[in-house]
Amino acid sequence: MWLLGGATATGWARGLAAAVGEIPGLTITRPVETNAVFATLPRGATAALQERYAFYVWDEARDEVRWMCSWDTTEQDIDEFAGAVADALGA
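Since we're looking at a predicted model, the values are computed, not measured.

This part covers the environment of Asp 79. Examined against the element boundaries, Asp 79 turns out to sit in helix α3 (residues 75–88). Between the C-alpha atom of Asp 79 and that of Gly 15, which follows or precedes it by 64 residues, the distance is 9.5 Å.

Structure follows, in structure tokens:
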């Protein structure tokens, strides 16, 4: 069961990376191999997103964040978050 949940979460992370990967001002910094997406974006955009969503700044010096997906992430979650990222970046 845990293996299926992990595979599902990794699939959602790949979907998230695809959904945000082309947004100007954002760079996916690492390959998506687990349920995490690492990206860099301006600090102002990060701060705006953190008002609505809980996530970590992974490397403050590089403005790199870590976004996590889980087995119960939905397509709607991905779409809403990608939209919020685009808004925060003015795209």
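Read on for the rest.
Time to look at the packing of helix α2 (residues 43–50) against α3. For the pair α2 and α3, interaxial distance at closest approach is 9 Å and the crossing angle is 140 degrees. Taken together, α2 and α3 sit at an angle that is classed as oblique. The chirality of how α2 crosses α3 is right-handed. The residues of α3 that touch α2, namely those facing Ala 45, Ala 48 and Leu 49, are Phe 81, Ala 84, Val 85 and Ala 88. Across the contact of α2 with α3, the residue classes tally to seven nonpolar, no polar and no charged.

Further remarks concern the packing of aromatic side chains. Under the definition given, this model contains five aromatic pairs. When the ring of Phe 38 is compared with that of Trp 58, the centres are 5.2 Å apart and the planes differ by 75 degrees; the resulting orientation is edge-to-face. Of this pair, Phe 38 sits in strand β2 (residues 36–40) while Trp 58 sits in strand β3 (residues 56–59); the two residues are 20 residues apart in sequence, bridging distant segments of the chain. Residue class for Phe 38 comes out buried when judged on its relative accessible area of 13%. On the basis of an interplanar angle of 90 degrees and a centroid distance of 4.8 Å, the ring pair of Tyr 53 and Phe 81 is categorised as edge-to-face.

Right, let's get into the pattern of salt bridges. Scanning the model with the defined rule gives three salt bridges in all. Linking Glu 64 and Arg 30 is a salt bridge whose minimum nitrogen-to-oxygen distance equals 3.0 Å. On the criterion of sequence distance, the pair formed by Glu 64 in strand β4 (residues 64–68) and Arg 30 in the loop between β1 (27–28) and β2 is long-range, its members being 34 residues apart. Across the pair Arg 43 and Asp 63 runs a salt bridge, and its minimum N-O distance is 2.4 Å. Here Asp 63 lies in the loop between β3 and β4 and Arg 43 lies in helix α2, a separation of 20 residues in the sequence. Here the residues in one salt-bridge network are Arg 30, Arg 62 and Glu 64, joined through shared partners.

Thresholds, definitions, all that
Residues numbered from 1 in each chain as written. Predicted model: local features only at pLDDT ≥ 70, side-chain atom pairs only at ≥ 80, totals over all residues. Heavy atoms only, no water. Helix = DSSP H or I, 4+ residues; strand = E, 2+ residues; numbered from the N terminus. Axes fitted to C-alpha atoms, helices over the stretch in contact; angles between N-to-C directions. Parallel < 35°, antiparallel > 145°, perpendicular 65-115°, else oblique. Left-handed = near helix turned anticlockwise from the far one by under 90°. Contact = heavy atoms within 4.5 Å. Nonpolar A, V, L, I, M, F, W, Y, C, P; charged D, E, K, R; others polar. Phe/Tyr/Trp six-rings, centres within 6.5 Å; stacked < 30°, edge-to-face > 60°. Buried < 20%, exposed > 50% of the residue type's maximum accessible area, 1.4 Å probe, protein only. Salt bridge = Lys/Arg side-chain N within 4 Å of Asp/Glu carboxyl O.

Fair warning: the whole summary comes from geometry, so function is off the table for now.
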